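Tertiary structure, described
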Amino acid sequence: MKKVVMGEEFLPKRWYNIVPDLPEQLPPPLHPVTKEPVKPEDLKPIFPKALIDQEFSEERWIRIPEEVREVYTIWRPTPLIRAERLERALKTPARIYFKFEGVSPPGSHKPNTAVAQAYYNAKEGVERLTTETGAGQWGSALCFATKLFDLKCTVYMVKVSYYQKPYRRVLMETWGGEVIPSPSDRTEVGRKILEKDPDNPGSLGIAISEAIEDAVKHDDTNYSLGSVLNHVLLHQTVIGLEAKKQLELLDEKPDVIVGCVGGGSNFAGLCYPFVRDAMKDGIKIIAVEPTACPTLTKGEYRYDYGDTAGLTPLLKMFTLGHDFIPPPIHAGGLRYHGDAPTLCILVKHGIIEARAVSQIPTFEAGVLFARTEGIVPAPETNHAIRVVIDEALKAKEEGEEKVILFNFSGHGLLDLKAYDDYLSGKLQDT
Ligand SMILES: *Cc1c(COP(=O)(O)O)cnc(C)c1O
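Here's a quick rundown of the structure. Per chain, residues are indexed from 1 in the order of the written sequence. Reporting of local features is limited, given that this is a predicted model, to residues whose pLDDT is at least 70; pairs of side-chain atoms are given and counted only at 80 or more, and all residues count toward the totals for whole chains, interfaces and linings. Just so you know, side-chain values use all the structure's heavy atoms and leave hydrogens and water out.

**Things to note about the overall build of the protein chain**
Helix and strand definitions follow DSSP, with helices as H or I runs of at least four residues and strands as E runs of at least two, each counted in order from the N terminus. In terms of helices and strands, the protein chain carries 17 helices and 15 strands. With the C-alpha coordinates aligned to their principal axes, the bounding extent of the protein chain is approximately 60 × 50 × 40 Å. Burial status follows relative accessibility: with a 1.4 Å probe on protein chains alone, a residue under 20% of its type maximum counts as buried, one over 50% as exposed, and anything between as partly exposed. Within the span of the protein chain, comprising 430 residues, buried residues form 62% of the whole. Considering only contacts in the protein chain between residues 6 or more positions apart, those separated by 24 or more positions represent 76%. Using a 1.4 Å probe, accessible areas were evaluated by the Shrake-Rupley method; residue-level cover was limited to the displayed protein chains. For the protein chain, the computed accessible surface area is about 17,200 Å², with 51% contributed by carbon and sulfur atoms. For the purpose of counting charges, residues Lys and Arg are taken to be positive, whereas Asp and Glu are taken to be negative. His and the chain ends are not included. Throughout, a charge is located at the NZ atom of Lys, the CZ atom of Arg, the CG atom of Asp or the CD atom of Glu. Of the charged side chains in the protein chain, 51 are positive and 60 negative, and the gap between their average positions amounts to 3 Å. Here, residues are in contact when the closest pair of their heavy atoms is within 4.5 Å.

Pasting the structure below:
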């Protein structure tokens, strides 16, 4: 049987929007001050019209512009790979497939939306984008994408990461981005925080507040977000749409689909195109999060802000509270207090199952993957791999020939410090 499925013909022409297929109406985002439903024009100071339309869209299919498809061809379609060596090591009857998003230039799924967002902003005459980044995955994806469409990019990078994890900063600067350690003196939010606490290490919430303020205060500048919002998840569905066709070619249908969840974008990207089938055929879809930031498994389902300062609209989601500061686990991309509202609805209705795993078992899984398949996964991706291995072992116990599909959201070649900590026994589970 073919182990790797690739080919131009798998690149989709349309993104899939899950909103019309949800089991209940999506609760509207609320204005942070008035608490009234947000109107599309409220978002105009920070987003281009095309993305606002997509954010509110109830159309099931949305055309991918040719210019975006053309950039996608740099690394898409991504390969669908059967992890046969991992299967053998586990002695499982399960067949394990992964969608390898680590082949993009920044090394993760994130450019699937960064490219689309840069394109629409450039088309509407915007000159600069601002954003936040933690360890730098999203920032590097946006610097890569903006460069291709001739936009400037300013990235507010959480200060501890800026100093402790220099390689993605260098990557962002190589692609021409400007990277500022946050909190900074560029914004009112930043100055206020620094006044009280000059050594504040920063957080994603603070960086979001700074990036939004910068965009609101400059007419030629918009803001860009790398997860959580409807239009971001929409762009990521190229992953699942490709995977579906690739599996069809192999005459396979997934019984179990697994992905890791920070804000939900890579997970939704893979599994949303399968959700309608799941409701009919009972596919088990598992969202994996860290026990250190257990949003879907322990959070409260209510309206909350997306950032620390309360500048963003309120979203109805599972949340740990917008002032929650998760412990500094290595999977930086999974340390977000909330989750995408569409994903939260699907979890609430039991269509998607949520599971939390702790850090050390995720690295055990990632190292086994690296030693069998050869590819070193990002610490975030290790969360998905942990549950894939658990499910494959369960299939062995039950003697069932399951087909397991998971999203390999990114490679870990810029996260080797985390592996060093694990291999030298320094890693701790709180
Ligand atoms: C950012 C990131 C994630 C988490 O973000 P989602 O929006 O939940 O997908 C997961 N894996 C990798 C490699 C990332 O860079």
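**A few points about the site of the ligand**
The near set for a molecule or strand comprises every residue that places at least one heavy atom within 4 Å of it. In the neighbourhood of the ligand, 18 residues make up the surrounding shell, with Lys-110, Ser-227, Gly-262, Ser-265 and Asn-266 lying closest. By the criterion applied in these results, polar contacts are pairs of N or O atoms within 3.5 Å in which, for protein atoms, one can donate a hydrogen and the other can accept it, and in which residues neighboring in sequence qualify only through two side-chain atoms. The separation between an oxygen atom of the ligand and a polar side-chain atom of Lys-110 is 2.6 Å. At 2.6 Å, a backbone N or O of Gly-262 approaches an oxygen atom of the ligand. Contact with the protein chains removes 97% of the 380 Å² of surface that the ligand exposes when unbound. Amino acids outside the nonpolar list (Ala, Val, Leu, Ile, Met, Phe, Trp, Tyr, Cys, Pro) and the charged list (Asp, Glu, Lys, Arg) are all regarded as polar, and Gly is one of them. In terms of residue class, the shell around the ligand is made up of four nonpolar, twelve polar and two charged.

**Comments concerning the pairing of strand E10 (residues 256–260)**
Among the five residues that make up E10, five are buried, leaving the element largely enclosed by the rest of the structure. In E10, alternate side chains face the same way, and those of Val-256, Val-258 and Cys-260 on one face and Ile-257 and Gly-259 on the other are all buried. We treat two strands as partners when DSSP finds at least two bridges between them. Direction of pairing for E10 relative to strand E11 (residues 284–290): parallel, over a ladder of five bridges. Residue pairing across strands places Cys-260 opposite Val-288, the latter belonging to E11. When the strands point away from the viewer and the connection leading from the first strand across the helix to the second strand turns clockwise, the crossover is called right-handed. Read as a crossover between parallel neighbours, the route from E10 over helix H12 (residues 265–281) to E11 is right-handed. In the sheet, E10 pairs with strand E15 (residues 403–408) via three bridges, with the strands oriented parallel. When the sheet's bridge partners are listed, Ile-257 is paired in E15 with Leu-405.

**Some remarks on the sheet that holds strand E6 (residues 128–133)**
Strand order in the open sheet formed by four strands is E8-E7-E6-E9, and the pairing between neighbours is parallel. A strand with exactly one partner marks an edge of an open sheet, and here the two such strands are strand E8 (178–182) and strand E9 (221–223). The average undirected angle you get between the axes of adjacent strands in this sheet is 25°. As paired elements, E6 and strand E7 (residues 152–158) share six bridges and run parallel to each other. Following the sheet pairing, Thr-130 is matched in E7 by Thr-154. Its contacts with the sheet put helix H9 (residues 204–217) on E6, E7, E8 and E9, and the angle it makes with E6 is roughly 170°. Between the N-to-C directions of two axes lies an angle of 0 to 180 degrees, each axis being a line fitted to C-alpha atoms and, for a helix, fitted only over the stretch in contact.

**Observations concerning the environment of Phe-274**
Structurally, Phe-274 is set in helix H12. In this structure, the C-alpha to C-alpha distance between Phe-274 and Lys-244, residues 30 residues apart in sequence, is 7.7 Å. In contact with Phe-274, other than residues within four places in its own chain, are Gly-240, Ala-243, Lys-244, Leu-247, Pro-254, Ile-257, Ile-283 and Leu-405.

**Looking at the sheet that holds E11**
Across the sheet, seven strands lie side by side as E1-E4-E5-E15-E10-E11-E14; this open sheet has mixed pairing. Each end of this open sheet is capped by a strand with a single partner; those strands are strand E1 (4–5) and strand E14 (353–357). This element, H12, spans strand E5 (95–100), E10, E11 and E15 of the sheet and lies at about 155° to E10.

**Brief notes about the environment of Glu-188**
Structurally, Glu-188 can be placed in helix H8 (residues 188–196). Here Glu-188 falls in the partly exposed class, since its relative accessible area comes to 42%. Each C-alpha atom of the pair Glu-188 and Pro-198 lies 14 Å from the other, and the pair is ten residues apart in sequence.

**Focus on the state of the cysteines**
Whenever a pair of cysteine sulfur atoms sits within 2.5 Å, that pair is classed as a disulfide. Counting across every chain of the model gives zero disulfides. Here Cys-143 is not disulfide-linked; the sulfur of Cys-153 is the nearest cysteine sulfur, at 4.0 Å. Using a relative accessible area of 1% as the deciding quantity, one classes Cys-143 as buried.

**As for the environment of Tyr-419**
Following the sequence through the fold, Tyr-419 ends up in helix H17 (residues 416–423). Separated by 56 residues in the primary sequence, Tyr-419 and Phe-363 place their C-alpha atoms 7.6 Å from one another. Non-local contacts of Tyr-419, meaning those with residues more than four positions away in its chain, are made with Phe-363, Gly-366, Val-367, Val-376, Pro-377 and Asn-382.

**Quick look at the packing of aromatic side chains**
Aromatic contacts are taken between Phe, Tyr and Trp rings whose centres are within 6.5 Å, Trp giving its six-membered ring; a plane angle under 30 degrees counts as stacked, one over 60 as edge-to-face, and the others as tilted. Counted according to the given criterion, the structure contains 18 aromatic pairs. Ring centres 5.1 Å apart and planes at 65° place the aromatic pair Tyr-119 and Tyr-120 in the edge-to-face group. Aromatic pair Phe-369 and Phe-408: ring centres 5.5 Å apart, planes at 40°, arrangement tilted. Here the residue Phe-369 occupies a position in helix H15 (residues 359–373), and Phe-408 occupies one in strand E15, the gap between them amounting to 39 residues. With respect to burial, Phe-369 and Phe-408 carry one shared label: buried. Taken together, the ring pairs in this structure connect Phe-98, Phe-100, Phe-369, Phe-406 and Phe-408 into an aromatic cluster. We count a charge as sitting over a ring when the NZ of a lysine or the CZ of an arginine lies within 6 Å of the ring centre and within 35 degrees of the ring normal. The cationic tip of Arg-169 hangs over the ring face of Tyr-162; the distance from NZ or CZ to the ring centre is 5.2 Å.

**What about the packing of H15 against H17?**
The geometry of a pair of packed helices is captured by two quantities: the angle between their axes and the separation between those axes. Closest axis-to-axis distance for the H15/H17 pair is 11 Å, and the angle between their directions is 105°. Taken together, the axes of H15 and H17 are roughly perpendicular relative to one another. Between H15 and H17, the contacting residues are Ile-360, Phe-363, Glu-364, Gly-366, Val-367 and Arg-371 on the first element and Ala-418, Tyr-419, Tyr-422 and Leu-423 on the second. Its residues placed into classes, the contact of H15 with H17 shows seven nonpolar, one polar and two charged. Roughly parallel means an angle under 35 degrees; roughly antiparallel means over 145; roughly perpendicular covers 65 to 115; every other angle is labelled oblique.

Purely geometric stuff here, so don't read any function into it on its own.
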